[in-house]
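Residues per chain, in single letters:
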Amino acid sequence: MSTINLHQTTTLTPEQYIAGLTDFGPGRSELFGNSADEYLKVHQLGRAEAEVTEGSGGIWERLHYDWSDPNHVVLMTTDSNLWGGASGHTYNFTRHTNGTTDIDVDVVREGKNLKGKLLGFLLGTVGKGILEKAFANSVKVIEARNGAAGERIAA
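In this numbering scheme, every chain counts its residues from 1 along its sequence in written order. Under the rules for a predicted model, residues below a pLDDT of 70 receive no local features and side-chain atom pairs below 80 are neither given nor counted, while totals for whole chains, interfaces and linings still include all residues. Note: side-chain values were computed over all heavy atoms of the structure, leaving out hydrogens and water.

**Some details on the nonpolar core**
Counted only if it meets this: Take the buried Ala, Val, Leu, Ile, Met, Phe, Trp, Tyr and Cys residues and link them wherever side-chain atoms come within 4.5 Å; each set so joined is a nonpolar core. Exposure classes here rest on a 1.4 Å probe applied to the protein chains alone. A residue is buried below 20% of its type maximum, exposed above 50%, and partly exposed in between. Every helix listed is a DSSP run of H or I at least four residues long, and every strand listed is a run of E at least two residues long, numbered separately from the N terminus.
Grouped together as the largest cluster of nonpolar side chains are 31 residues, with contacts concentrated most on Tyr 17, Leu 21, Tyr 65, Val 73, Tyr 91, Ile 103 and Phe 135. Counting only elements with at least two residues in this core, the list comes to strand 1 (2-10), helix 1 (14-21), strand 3 (49-56), strand 4 (59-69), strand 5 (72-80), strand 6 (88-95), strand 7 (101-109) and helix 4 (128-145). For this core, the element with the most residues is helix 4, which contributes 5 residues.

Here you go:
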């Protein structure tokens, strides 16, 4: 099992980032490269939770999203072709008085088969940079959607 910790500081509010995170409409892949439109299926969507299948490149997972706490969002993997066990994503938001927000993400990858175990190991070691780049891109694109482009603080 691999746990990858990611961090970004932004001028976005937690609500603005969460709005992007929970936008399950067309074009989601612009925000999250590992969520191709052809894989995206919303099974259930509520006021502060959702069941969504997403993925890309032959890898998919069904996630239960819970954003009922505006400072703590949990995406728990409920089914996948690679991930099982404790897999998922946890977002923690810390607001600062200067108008910035720290976003800390823990990505847990527990492979449920040989391919998943191998990919989980690779993501936890040499692949962390790929996840960091993808996360930074999601922040950048959501900033642009909210008119905050170029205001991100170096992490």
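Having seen the structure, we can now continue with the description.
**Let's talk about the side chain of His 64**
To keep it simple, the criterion reads: Any pair of nitrogen or oxygen atoms within 3.5 Å is treated as a polar contact; in protein, a donor-acceptor pairing is required on top of that, and neighbouring residues in sequence qualify only through side-chain atoms on both sides. For this analysis, residues touch if any pair of their heavy atoms sits within 4.5 Å.
Note on placement: His 64 falls in strand 4. Among the polar contacts listed, one links the side chain of His 64 to the side chain of Glu 49, at a separation of 2.9 Å. Ignoring anything within four residues of it in the chain, the contact list for His 64 reads Glu 49, Ala 50, Glu 51, Val 74, Leu 75, Met 76 and Thr 78.

**A closer look at the packing of aromatic side chains**
Filter applied, for reference: Pairing of aromatic rings covers Phe, Tyr and Trp, the last counted by its six-membered ring, and requires centre-to-centre distances within 6.5 Å; plane angles under 30 degrees mean stacked, over 60 mean edge-to-face, and any other angle means tilted.
Within this structure, the stated rule accounts for 5 aromatic pairs. Centroid distance Tyr 17 to Phe 93: 6.1 Å. Interplanar angle 50°. Geometry classified as tilted. Highlighted residues: Tyr 17 in helix 1 and Phe 93 in strand 6, separated in sequence by 76 residues. Taking 6.5 Å as the distance between ring centres and 10° as the angle between the ring planes, the aromatic pair formed by Tyr 91 and Phe 93 counts as stacked. Here the two residues Tyr 91 and Phe 93 agree in accessibility, since each one is buried. Through a chain of ring-to-ring contacts, the aromatic side chains of Tyr 17, Tyr 91, Phe 93 and Phe 135 assemble into a single cluster.

**Some details on a nonpolar patch on the surface**
The criterion, for reference: A patch is a set of surface residues, each over 30% in relative accessible area and not in a salt bridge, joined within 9 Å for like charges and within 5 Å for the nonpolar side chains Val, Leu, Ile, Met, Phe, Trp and Tyr. Only the protein chains shown count as cover for residues, and the accessible areas themselves come from Shrake-Rupley with a 1.4 Å probe. For salt bridges, the criterion is a side-chain nitrogen of Lys or Arg within 4 Å of an Asp or Glu carboxyl oxygen.
On the surface, Leu 118, Phe 121, Leu 122 and Val 126 cluster together into a nonpolar patch covering about 420 Å² of accessible area. If you trace the backbone, Leu 118 turns up in helix 3 (residues 114-124).

**A short note on the pattern of salt bridges**
Considering all chains together, one arrives at 7 salt bridges under this definition. For Glu 51, the salt bridge is made with Arg 62, and the minimal N-O distance between the two is 3.2 Å. With a gap of 11 residues between them, Glu 51 in strand 3 and Arg 62 in strand 4 connect regions that are remote in the sequence. Classification of Glu 51 by relative accessible area gives buried; the value is 15%. Accessibility expressed as a relative area gives 27% for Arg 62, which makes it partly exposed.

**A few points about the packing of helix 1 against helix 4**
Our working rule: Axis definition: a line fitted to C-alpha atoms, limited for helices to the stretch in contact. Angles are taken between N-to-C directions and run from 0 to 180 degrees. The scheme is simple: roughly parallel for angles under 35 degrees, roughly antiparallel for over 145, roughly perpendicular for 65 to 115, oblique for anything else. Classification used: nonpolar for Ala, Val, Leu, Ile, Met, Phe, Trp, Tyr, Cys and Pro, charged for Asp, Glu, Lys and Arg, polar for all others including Gly.
At a minimum axis separation of 10 Å, helix 1 and helix 4 run at an interaxial angle of 105°. Considering the angle they form, helix 1 stands roughly perpendicular to helix 4. Across the interface between the two elements, Gln 16, Tyr 17, Gly 20 and Leu 21 from helix 1 touch Phe 135, Ser 138, Val 139 and Ile 142 from helix 4. Of the residues assigned to the contact of helix 1 with helix 4, the class counts are 5 nonpolar, 3 polar and no charged.

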